[in-house]
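# Understanding the architecture of this molecule
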Amino acid sequence: EESAAGQTQPATYTILANPRKTYIAPTGHGFLPKETAWHHQAHIVALVRTALSEAFPHVPPTEQHQYLSAICYTKGPGMG
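Residues numbered from 1 in each chain as written. Predicted model: local features only at pLDDT ≥ 70, side-chain atom pairs only at ≥ 80, totals over all residues. Heavy atoms only, no water.

This paragraph deals with the overall build of the protein. The secondary structure content of the protein amounts to 1 helix and 0 strands. Here the protein holds 80 residues, and the buried ones make up 11% of them. Across the protein, every contact between residues at least 6 apart in sequence was considered, and the portion connecting residues at least 24 apart equals 44%. Total accessible area on the protein is roughly 7,200 Å²; 57% of this is exposed by carbon and sulfur atoms. (Helix = DSSP H or I, 4+ residues; strand = E, 2+ residues; numbered from the N terminus. Buried < 20%, exposed > 50% of the residue type's maximum accessible area, 1.4 Å probe, protein only. Contact = heavy atoms within 4.5 Å. Areas by Shrake-Rupley, 256 points an atom, 1.4 Å probe, with all protein chains shown as cover.)

This is the structure:
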């Protein structure tokens, strides 16, 4: 966006939900890609549903996706 003086203004946004399901490796072990990938796959659907319910609590679940602008996630190094 530009101001009246022609200067660029930073974009604004609002985080509506931020549910997490963190993978915790067994004590003494590092993150193994296979187990971490399984964890992500096992929890992604529930996390998205939780995020939509938190972000749009008064909207029926079958309509929540209509209000969605973006989904963001963190991709750690070496987990590609």
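Here we come to the side chain of His39. As for its placement among the helices and strands, His39 is situated in helix H1 (residues 33-55). A polar atom in the side chain of His39 sits 2.8 Å from the backbone oxygen of Lys21. At 3.3 Å, the side chain of His39 and the backbone nitrogen of Tyr23 are in polar contact. Apart from residues lying up to four places away in sequence, His39 is in contact with Lys21, Thr22 and Tyr23. (Polar contact = N/O pair within 3.5 Å; in protein donor to acceptor, adjacent residues only side chain to side chain.)

Here we come to H1. Under the 1.5 Å per step criterion, the end-to-end length of H1 is 30 Å for 23 residues, consistent within 8% with the ideal 33 Å. The largest bend in H1 is about 45°, located at His43. (Expected span 1.5 Å × (residues − 1). Bend = angle between axes of the 7 residues up to and from the residue.)

Below, the discussion takes up the packing of aromatic side chains. One pass over the full model with this rule turns up 1 aromatic pair. Their ring planes at 40° and their centres at 5.8 Å tell us that Phe56 and Tyr67 sit as a pair that is tilted. Of this pair, Phe56 sits in the segment after H1 while Tyr67 sits in the segment after H1, and the two are 11 residues apart along the sequence. Under the relative-accessibility criterion, Phe56 is labelled buried at 13%. Residue classification places Tyr67 among the partly exposed positions, given a relative accessible area of 46%. (Phe/Tyr/Trp six-rings, centres within 6.5 Å; stacked < 30°, edge-to-face > 60°.)

Interpretation note: all reported values are geometric properties and have no functional meaning in isolation.
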